[in-house]
Amino acid sequence: MKKGLFFSLDAVFAVIVALVIIFGIFYQLSKSQQDLFPSLYLSKVSSDTLVILNKNKILETLNSTTIQDSLNDILPDNLGYELNITVFDCSDQNCNSFSVVSSKNVYLLNSTLPESDFVNSKRSFLTFQNNRIQHYSISNLEVWLK
Amino acid sequence: MYKGQLLSTELLFAVSILIVLFALGAYMWNLTSARISENLIKEDLAINAIGVSDYLLKSSGTPTDWESNVSKISSLGLSKEIYVLDVTKVKAMLVNLSYNQVKDLLNLKDQEFYFRMLYTDSYFVRIGGIPREPVAYYARQYPFDTEIFELLNKSGFIWDIYWRSGSSLPSGMIPNTARNVYAVNDEKQAVKWVIKNLSNYNTVFFEDVHNDWDEDLNATEQQALRSFVNTTDHTYFQVQHDEDFLSLFGINPSGVSSDKGTIVNLDDVLNNVSIGTNVTFQTGTKSFDIATSPYPIKALMIIKDDPTKCLFCKWAYGKGYIYYIPDINTITNNVVPGLDIVEIKVEFGLKPTSEASNVINSRRIVLFGNNFVNMDVMIWK
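Residues numbered from 1 in each chain as written. Chains lettered and ligands numbered in written order. Predicted model: local features only at pLDDT ≥ 70, side-chain atom pairs only at ≥ 80, totals over all residues.

Summing up its helical and strand segments, chain A has four helices and five strands in all. Order of helices (α) and strands (β) in chain A, N terminus to C terminus: α-α-α-α-β-β-β-β-β. Residues counted as buried form 15% of the 146 residues belonging to chain A. By sequence separation, contacts in chain A at least 24 residues apart represent 60% of the contacts at least 6 residues apart. (Helix = DSSP H or I, 4+ residues; strand = E, 2+ residues; numbered from the N terminus. Buried ≥ 20, exposed ≤ 12 C-beta atoms within 10 Å, placed from the backbone. Contact = placed C-beta atoms within 7 Å.)

This part covers helix α2 (residues 37–55) of chain A. The first and last C-alpha atoms of α2(A) sit 26 Å apart over 19 residues, in line with the 27 Å expected at 1.5 Å per residue. Among all positions of α2(A), only A:Tyr41, A:Leu42, A:Val45, A:Ser46, A:Asp48, A:Thr49, A:Leu50, A:Ile52 and A:Leu53 are buried. (Expected span 1.5 Å × (residues − 1).)

Take the domain arrangement of chain A next. Each assigned domain of chain A is listed with its residue range as follows: domain 1 (1–34) and domain 2 (37–145). The straight-line distance from the C-alpha centre of domain 1 of chain A to that of domain 2 of chain A is 52 Å. (Domains from an automatic or database assignment.)

Glancing now at the sheet that holds strand β21 (residues 371–380) of chain B. Residues and elements named next belong to chain B. Reading across the sheet, the six strands line up as β3-β4-β20-β21-β5-β19 and stay open at both edges, with mixed pairing between neighbours. For this open sheet the edge positions go to β3 (79–81) and β19 (347–349), each flanked by a neighbour on one side alone. Of the strand pairs in this sheet, strand β5 (residues 112–119) and β21 are connected by eight bridges, and their pairing is antiparallel. Within β21, the position partnered with Met-117 by the bridge is Met-375. (Pairing = 2+ DSSP bridges.)

This part covers the interface of chain B and chain A. Between chain B and chain A, the residue contacts involve 25 residues of the former and 22 residues of the latter. Going through the elements one at a time, α1 (2–58) and β20 (360–368) of chain B are the ones with two or more residues in the side of chain B that touches chain A. Looking at which element gives the most residues to the side of chain B that touches chain A, the answer is α1(B), with 16 residues. By residue class, the composition of the side of chain B that touches chain A is 17 nonpolar, four polar and four charged. (Nonpolar A, V, L, I, M, F, W, Y, C, P; charged D, E, K, R; others polar.)

On to the domain arrangement of chain B, then. Looking at the assigned domains, one finds that chain B contains domain 1 (46–125 + 353–380) and domain 2 (129–334). The centre of domain 1 of chain B, based on its C-alpha atoms, is set 34 Å off from the matching centre of domain 2 of chain B.

Here we take up the environment of A:Leu108. Residues and elements named next belong to chain A. Note on placement: Leu-108 falls in strand β3 (residues 106–109). The exposure class of Leu-108 is partly exposed, given the 16 C-beta atoms found within 10 Å. Residues Leu-108 and Asn-131, 23 residues apart in the sequence, show an inter-C-alpha distance of 29 Å. Not counting the four nearest positions on each side in its chain, Leu-108 is found in contact with Ser-64, Ile-67, Gln-68, Leu-71 and Leu-83.

The next point concerns the pairing of strand β17 (residues 320–325) of chain B. Residue and element names in this part refer to chain B. Among the six residues of β17, six are classified as buried, and the element is accordingly described as predominantly covered. Neither face of β17 is open: one carries Gly-320, Ile-322 and Tyr-324, the other Tyr-321, Tyr-323 and Ile-325, and all of them are buried. Relative to β17, strand β11 (residues 235–241) is paired through five bridges, and the arrangement is parallel. Along β17, the bridge assignment pairs Thr-235 with Tyr-321.

Before going further, it helps to spend a moment on the environment of B:Lys286. All names here are of chain B. Tracing the chain through its elements places Lys-286 in the loop between β13 (278–280) and β14 (288–289). Classification of Lys-286 by C-beta neighbours within 10 Å gives buried; the count is 20. Taking the C-alpha atoms as reference points, Lys-286 and Ser-59, 227 residues apart in sequence, are found 48 Å from one another.

A few words on the confidence of the model for chain B. Residues and elements named next belong to chain B. Model confidence for chain B is summarised by a mean pLDDT of 89, while 97% of its residues fall at 70 or above. Predicted confidence in chain B is weakest over α1, with a mean pLDDT of 81, and strongest over strand β8 (residues 159–163), with 97. Across the interfaces of the predicted complex, the ipTM metric reaches 0.78, alongside a pTM of 0.75. (pLDDT = per-residue confidence, 0-100.)

The subject of this paragraph is the nonpolar core. Residues and elements named next belong to chain B. Among the nonpolar cores identified, the biggest contains 62 residues, and Tyr-137, Tyr-138, Val-204 and Ile-322 are the most heavily contacted of them. By residue number, the principal contributor to this core is strand β16 (residues 306–317), which donates six residues. The contact partners of Tyr-138, leaving out residues within four places of it in the chain, are Tyr-162, Arg-164, Ala-190, Val-191, Val-194, Phe-205, Phe-206, Glu-207 and Val-209. (Core = buried A, V, L, I, M, F, W, Y, C linked by C-beta atoms within 7 Å.)

This is the structure we're talking about:
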């Protein structure tokens, strides 16, 4: 009787180990096959948005209201966004180095920041005045599903 | 004997457990492999959808001017520069290419394809005609002076009607395809309703308006109508009766009247008619002086033999447009030849049915004219 119990416990232990291994393998398999389309879609949305805002010279305005109006027009309501534009000026005449012009930086946020699952795109652009480079800017747009 | 029995029970137990584990493993294998193959199909569709949309919005196609001779096309692209779609190419695809041709060009052999373009407010992009719905339509008299009603009724547009000559529409105007009907026997009230609801529309038609703009509308209402056109790409389209109503926009008729016009230019709303075609309007129709126009003007019709006076005119007013046509109720069949407010809805291919599985929509944001537009490429099986 005692010997039998010993063997049963042994078997139970073996079954548990086998189940853990089986579930572990299938969990890893299914995890590696998760649908990547939503994050791909978000990444396209954020990069497309920066490209066309750059194309029609809205980013160049460095005007928060103008940029925000366009973002609200372009992006669907179920998306949150955070846009950061950092503006640089040439530090010397040859533009060998740059310094940040904090007063011209743009920051826009349309909802509370997510803790994870956001996608971001970056795009740099130039603004000109009298056919000369006025500013060099880097825009960083993060988007997420609200 | 006892020992043998013990071993048999143990063996039986072990085999049972093995079978259960094997069955569980097989079940999970099937489940996971089904999920994996489903995901592979989805992934394949997603890659195709994104690839096709990328190609359409970044490439001009081969040859780059394929739209001028579609028989020579070897690859399909719709852009004139990246992310800026070319109206002529989009139109050429819609009109001159078949579904199977487009599928071949995009290398979509065993997949179905649906393409559409929507403004960011979700209304379809249209090429030619009046490009933007929803439409507000104001009318006063039936059966005369309702040519635009007839055109809207078969347009497929989302539109509302404002009827100023009774609390219900005349029986001849029912049934119709209008989304909403606003009817009142009060000329002033009907116009005020249109202006109050302007934010619902992208295009406004006034047909046979008899109002005095400076008496019937207060300053705020006047400004609302001006802003509707000049601050966005909206359209104001007036068909008679009172040319003076246009003075609201600072456009005043000249003192010269004529009922004889000649078509001199074509436009999105005036097509399929020969330049030089003569048209007869109602007697006493006033014209607009082209040289002294306060805004850029395009004369679609001039007074016959007087190129200085416009009868059917289009003004660029800020970001939008104003159209004016004289009274058309005396023209044969009540139709201005070539007048068409509807041309092409930008939609192509097979719309996914409710039975379609794994529909992947690659929505991309592009520039079309001056507008941000959503370009949807749906691939499905």
